[in-house]
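Architecture and fold: a report
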Amino acid sequence: TTPINSISFDKKNPIDSSWKGIFEIKESGTLNSLHLTSKTILSDTIEVGDTLALNAPVAVPLEKDYVVQKGDRVECSIQYQFGNGYRNFKADIRVL
């Protein structure tokens, strides 16, 4: 699990967001989507994970399939706008 962004409920947050990182493939197969999860941290001791009503997990399909092997490294860059739906979610994938 790699955090790609955070927002704060007590200040103005930028609408545009981007992230770039590298992750390792855990199992051989086809990479055809990104699984996004989120959590809400209300305080140092109160945290809400994925629920169907709040922060539901989502699988975002990629534009093409990538055949990957266990141990492959994948570079991923993500761009999106908060609150503008997944149609504005862009992911670029490169198997290294």
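Overview of the structure. As the structure is a prediction and not an experimental result, all values here were calculated from the model.

1. Observations regarding the packing of aromatic side chains
In total, this model carries two aromatic pairs according to the counting rule given. Residues Tyr80 and Phe82 carry aromatic rings whose centres are separated by 5.2 Å and whose planes lie at 80° to one another, so their mutual orientation is edge-to-face. Of the residues examined, Phe82 reaches a relative accessible area of 30% and is grouped as partly exposed. Cluster of aromatic residues (ring-pair linked, three or more members): Tyr80, Phe82 and Phe89.

2. A few points about the sheet that holds strand S1 (residues 16-24)
Pairing is antiparallel across the open sheet formed by three strands, whose spatial order is S1-S6-S7. Each edge of the sheet is formed by a strand with only one pairing partner; in this case those strands are S1 and strand S7 (90-95). Strand-to-strand twist across the sheet, computed as the mean angle between neighbouring axes with direction ignored, equals 10°. Here strand S6 (residues 73-81) runs beside S7; their pairing, made up of six bridges, is antiparallel. Within S7, the position partnered with Ile78 by the bridge is Ala91.

3. Here's the deal with the environment of Ser38
With respect to the element layout, Ser38 can be found in the loop between strand S2 (29-36) and strand S3 (40-41). Residues Ser38 and Ala59, 21 residues apart in the sequence, show an inter-C-alpha distance of 12 Å. Setting aside anything within four residues of it in sequence, one finds Ser38 in contact with Gly49, Asp50 and Asn55.

4. A few points about the pattern of salt bridges
Using the criterion set out here, one finds one salt bridge in the structure. Between Glu75 and Arg94 there is a salt bridge whose closest N-O contact spans 3.1 Å. Pair noted here: Glu75 is in strand S6 and Arg94 is in strand S7, with a separation of 19 residues, a long-range link. The class of Arg94 is partly exposed, set by a relative accessible area of 46%.

5. Let's talk about the layout of surface pockets
Roughly 220 Å³ of volume is contained in the second largest pocket. Considering the residues around the second largest pocket, the lining is formed by Val60, Pro61, Leu62, Glu63, Lys64, Tyr66, Phe89, Lys90, Ala91, Asp92 and Ile93. When contributions to the lining of the second largest pocket are tallied by element, the ones reaching two or more residues are strand S5 (58-68) and S7. By residue number, the principal contributor to the lining of the second largest pocket is S5, which donates six residues.

About the cut-offs
- Counting restarts for each chain: residues are numbered from 1 in the order of the written sequence.
- With pLDDT at 70 or above as the cut-off, local features in this predicted model cover only qualifying residues; side-chain atom pairs require 80 or more to be listed or tallied, and sums for whole chains, interfaces and linings still use all residues.
- Side-chain calculation: all heavy atoms of the structure are included, whereas hydrogens and water are not.
- Between rings of Phe, Tyr and Trp, where Trp is taken as its six-membered ring, a pair exists when centres lie within 6.5 Å; planes separated by under 30 degrees are stacked, by over 60 edge-to-face, and by other angles tilted.
- Exposure is judged per residue with a 1.4 Å probe applied to protein chains only, and the accessible area is read against the type maximum: over 50% gives exposed, under 20% gives buried, and values in between give partly exposed.
- Here, a strand pair is defined by DSSP locating no fewer than two bridges between the strands.
- Put simply, DSSP H or I for four residues or longer makes a helix, DSSP E for two residues or longer makes a strand, and each gets a number counted from the N terminus.
- Here an angle of 0 to 180 degrees is reported between the N-to-C directions of two axes, which are lines fitted to C-alpha atoms, with helices fitted over the stretch in contact.
- Contacts were defined at the residue level, with two residues in contact if any of their heavy atoms lie within 4.5 Å.
- Basic side-chain nitrogens of Lys or Arg form a salt bridge, by our definition, when they fall within 4 Å of a carboxyl oxygen of Asp or Glu.
- Grid spacing is 1 Å over the protein atoms alone, the probe is 1.4 Å, and a cavity is where that probe fits but cannot get out, while a pocket is an open set with protein on both sides within 12 Å along at least five of seven lines and lining residues have an atom within 4 Å of a point.
- Grid points are joined across faces, edges and corners, and a volume is the space filled by probe spheres set on the points.

By themselves these figures say nothing about function.
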